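Structural characterization, general
So you can see what is in the structure, the chains are spelled out below.
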Amino acid sequence: MNRFYTSNQVSTQKNHTTGHVEEYHLSAAKFDEQFYTFENFGHAQDPTFNRGGNVISAEQYRKVDYGKDAHGPNSKEALEYKKQLRKKRKKEGEPGKADYLGPWAFYEGEEDFRVQKVVPTVEQKKLEKNYENRRQQKLEEKQREEETVYYPNNRFDKDDKNENKEEDDEEEKKEVKDEGIKSYTIFHGNVSYDKSQGKSFLTPPPHLSTGEHACFIPKKPMHTWVGHSKGVQAIRFFPKFGHYLLSASHDGRVKLWDVLTNRKCVRTYIGHTESVRDISFANNGRQFISAGYDKYVQLWDTETGKTSGTFNIKKIPICCLFNPDHDQQNIFMVGSQNKKILQYDIRSGKVVQKYEEHLGAVNTIQFIEDNKKFVSTADDKKIFVWEYGIPVVIKHISEPDMHAIPASAMHPNRKYLAGQSMDNKIVVYDCKGSFKLNRKKKFTGHVNAGYA
């Protein structure tokens, strides 16, 4: 009620410019239930009626199923539809044979919907052809340089380790003017910017929530994205909302895929001459970095597809990660093959800190304890805990029974770190307080050791 009116005034009088406003208590859970029911099925219950109230429907929905509910059981029609759908599913086949489909078997008539292939236009094919020509020229120049440096007079003169170290140090001191090949992008959508609302295509739908939500064990595949010509090395969901998916491939391309609506490729980012090893989003998702085997790290604008910076690492980067702090979004970390962790500032484009203690290629970097520290794993079978900004190891974890950890991930509550150990196990470390192995949480069952 309008607080400027007294109690003796008639409640039917207007207390708002467009009518009369009444207070009504509605729990957050009930509101979410009706909100998502309306978004998914096109109808919602009038909140002024507790039981059997009026149903509000959307005219833009061609088919409204009043028996479906976002949090309740499905109707009989929906259950019958699922039963008929199971009959259309293709046979799984026998394991070990070429035609084995298993749990990924498609449904009849849904292959085109479930598998999305990117078909480039004539103009896009010309751009890709020009890029491939420049890429091939770059590789040939690189090969000639290697033959000149490493094979003088057709003999191999790189056996001395001391010479290797001196040449590496000289290489790091040199100013590298080469910025790689010129990158470009292909936009596969129709409209990249909504002029009526002033929103870009990256803006998440209004019904998505950033809060906690229920998570379930996956039961069946929902969709298959097809568009890369070689294997996919890394995938990352759009921060907070997950309405887009970023993928890096061995074909040297990074692609952005739609997850919620048409599930098609939205944009392709082309700028690496060799395979892309890792990718990382900034906190707002407006930028991301890609690390490739061509020894470059590219900083991309997610919306426009333009490169904001190119960083020559001089060695193959294995992993890259933005600093999770909101006030440190100009900093990203790179773990490279030369056993070092480099801290870059995108504003100056220079290395502001080096962390050198590992004896093998650095595989993963993860921030812990409110981003005041970070953990690194490497091929030397060791785990180091660093104080951010200080190139000194504060904790050294190395045991005789430890194996290398090529992949790691943080728990959403930031209390645990899970690592893929090369002895067919998933090990978990406690990140709060003393960083140590949690021996009660060890996951076994895999029969093949290998990189993720």
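Keep in mind that what you see is a predicted model, and the values were worked out from it rather than measured. All residue numbers here refer to positions counted from 1 along the written sequence of the relevant chain. The model is predicted, so local features are restricted to residues of pLDDT at least 70 and side-chain atom pairs to those at 80 or more, both for listing and for counting; the totals for chains, interfaces and linings are taken over all residues. Side-chain metrics rest on all non-hydrogen atoms present in the structure, leaving aside hydrogens and water.

Only runs of H or I of at least four residues qualify as helices and only runs of E of at least two qualify as strands under DSSP, and these elements are numbered from the N terminus. Regarding its fold elements, the protein chain presents five helices and 27 strands. A simple rule labels every residue: compare its accessible area, found with a 1.4 Å probe on the protein chains alone, to the largest value its type can have, and call it buried under 20%, exposed over 50%, or partly exposed in between. Evaluated residue by residue, the protein chain yields a buried proportion of 34% over its 452 residues. Contacts are assigned to residue pairs with any non-hydrogen atoms lying within 4.5 Å of each other. Residue pairs at least 24 apart in sequence account for 42% of intrachain contacts in the protein chain once pairs closer than 6 positions are excluded. Only the protein chains shown count as cover for residues, with accessible areas throughout obtained via the Shrake-Rupley method and a probe of 1.4 Å. Split by element, the accessible area of the protein chain, about 29200 Å² in all, is 50% carbon and sulfur.

This next bit is on the sheet that holds strand 20 (residues 362–368). Reading across the sheet, the four strands line up as 20-21-22-23 and stay open at both edges, with antiparallel pairing between neighbours. Where the open sheet ends on each side, the last strands, each with one partner, are strand 20 and strand 23 (390–397). Direction aside, neighbouring strands of the sheet carry axes that sit 30° apart on average. As paired strands, strand 22 (residues 383–387) and strand 23 are joined by five bridges and run antiparallel to one another. Residue pairing for strand 23: Val385 is matched across the bridge by Lys395. A pair of strands is treated as paired once DSSP finds two or more bridges between them. Axis angles are defined between N-to-C directions and span 0 to 180 degrees, where every axis is a line fitted to C-alpha atoms and, for a helix, only to the segment in contact.

Bringing the nonpolar core into the picture now. Put simply, a nonpolar core is a bunch of buried Ala, Val, Leu, Ile, Met, Phe, Trp, Tyr and Cys residues held in one set by side-chain atoms that sit within 4.5 Å of each other. Counting residues in each nonpolar core, the largest one holds 16 residues, and the members touching the most others are Tyr244, Leu246, Val254, Leu256, Tyr269, Ile279 and Phe288. Where this core is concerned, the elements lending two or more residues are strand 9 (244–249), strand 10 (253–258), strand 11 (265–270) and strand 12 (276–281). The contact partners of Leu246, leaving out residues within four places of it in the chain, are Ala234, Ile235, Arg236, Val254, Lys255, Leu256, Tyr269, Ile279, Phe281 and Phe288.

Another point: the sheet that holds strand 8 (residues 232–237). As a general point, the strands of a sheet are linked pairwise by backbone hydrogen bonds and lie either parallel or antiparallel. Taken together, five strands build an open sheet; the order of strands is 4-11-10-9-8 and the sheet is antiparallel. Either end of the sheet is taken by a strand with one partner, and the two such strands are strand 4 (184–187) and strand 8. Neighbour-to-neighbour, the strand axes of the sheet open up by a mean angle of 15°, direction not taken into account. Pairing of strand 4 with strand 11, which is carried by four bridges, proceeds in the antiparallel orientation. Each residue of the ladder has a partner; that of Phe187, found in strand 11, is Arg267.

A pair of Phe, Tyr and Trp rings is counted when the ring centres sit within 6.5 Å of each other, with Trp represented by its six-membered ring. The angle between the planes then sorts it: under 30 degrees is stacked, over 60 is edge-to-face, the rest tilted. Going through the model one piece at a time under the given rule, you end up with 19 aromatic pairs. A ring pair is formed by Tyr355 and Trp386, whose centres lie 5.4 Å apart and whose planes are at 75°; its orientation type is edge-to-face. Of this pair, Tyr355 sits in strand 19 (residues 350–356) while Trp386 is found in strand 22, placing the two residues 31 residues apart along the sequence. This pair shows no difference in class: Tyr355 is buried, exactly as Trp386 is. Through pairs of rings, three or more aromatic residues link up here, namely Phe187, Phe201, Phe238, Tyr244, Tyr269, Phe281, Phe288 and Trp300. In this arrangement the basic side chain of Lys441 is found over the ring face of Tyr416, its NZ or CZ atom lying 3.8 Å from the centre. Whether a charge sits over a ring comes down to the Lys NZ or Arg CZ being within 6 Å of the ring centre and within 35 degrees of the ring normal.

Tracing the sequence through the fold places Gln343 in strand 18 (residues 340–345). We classify Gln343 as buried; its relative accessible area is 7%. Here the side chain of Gln343 touches Tyr388 through a polar contact of 3.3 Å, side chain to side chain. When sequence neighbours within four positions are dropped, the list of residues in contact with Gln343 reads Ile331, Phe332, Met333, Lys350, Val351, Val352, Gln353, Tyr355, Tyr388 and Gly389. Polar contacts, as counted here, are pairs of nitrogen or oxygen atoms within 3.5 Å of one another; within protein the pair requires one atom able to donate a hydrogen and one able to accept it, and residues that are adjacent in sequence qualify only if both atoms are side-chain atoms.

In this analysis, a patch consists of residues with relative accessible area above 30% that form no salt bridge, clustered at 9 Å for like charges and at 5 Å for the nonpolar side chains Val, Leu, Ile, Met, Phe, Trp and Tyr. Salt bridges, as used here, are contacts in which a Lys or Arg side-chain nitrogen is within 4 Å of a carboxyl oxygen on Asp or Glu. Positive charges come from Lys and Arg alone, negative charges from Asp and Glu alone, with His and the N- and C-terminal ends not counted. By convention, the charge on Lys lies at NZ, on Arg at CZ, on Asp at CG and on Glu at CD. A contiguous patch of positive charge, built from Lys82, Lys83, Arg86, Lys87, Lys219 and Lys220, is present on the exposed surface. Note on placement: Lys82 falls in helix 2 (residues 76–87). Classification of Lys82 as partly exposed rests on a relative accessible area of 40%.

Further remarks concern the confidence of the model for the protein chain. For residues with low pLDDT, the predicted coordinates do not support detailed interpretation. Averaged over every residue, the pLDDT of the protein chain is 78; the share at 70 or more is 72%. The quantity called pLDDT is the predictor's confidence in a given residue, expressed from 0 to 100. In the predicted structure, residues 60–66 sits below a pLDDT of 50 and forms 13 contacts with residues beyond four places in sequence or in another chain. Considering only residues more than four positions removed or in separate chains, one finds that residues 152–164, a stretch of pLDDT under 50, has ten contacts.

Together, Tyr24, Leu26 and Phe31 line one region of the surface with nonpolar side chains, adding up to about 290 Å² of accessible area. You can see Phe31 is positioned in helix 1 (residues 28–41). Here Phe31 falls in the partly exposed class, since its relative accessible area comes to 45%.

In terms of burial, strand 11 is a largely internal element, six of the six residues being buried. Hairpin geometry of strand 10 and strand 11 is characterised by an intervening segment of six residues between the two adjacent antiparallel strands and by a positive phi of about 55° at Arg263.

Further remarks concern the environment of His326. Secondary-structure assignment places His326 in the loop between strand 16 (317–322) and strand 17 (331–336). Between the C-alpha atom of His326 and that of Asn284, which follows or precedes it by 42 residues, the distance is 9.0 Å.

Most peptide bonds are trans, and most residues other than glycine sit at a negative phi. Backbone geometry at Asp370 places phi at a positive 55°, although glycine is not the residue there. Look at Asp370 and you get exposed, because its relative accessible area is 67%. Of note, the phi angle at Lys381 is positive, near 65°, even though the residue is not glycine. Relative to the helices and strands, Lys381 resides in the loop between strand 21 (373–378) and strand 22. For Lys381, a relative accessible area of 44% corresponds to the partly exposed category.

Let us now look at the pattern of salt bridges. All chains considered together, the criterion is met by five salt bridges. The partner of Glu303 in a salt bridge is Arg286, with the nearest N and O atoms 3.8 Å apart. Taken as a pair, Glu303 in the loop between strand 14 (296–301) and strand 15 (307–312) and Arg286 in the loop between strand 12 and strand 13 (287–292) lie far apart in primary sequence, 17 residues in all. Since its relative accessible area comes to 33%, Arg286 is described here as partly exposed. A salt bridge links Glu369 to Lys373; its shortest N-O distance comes to 3.3 Å. The exposure class of Glu369 is partly exposed, given its relative accessible area of 28%.

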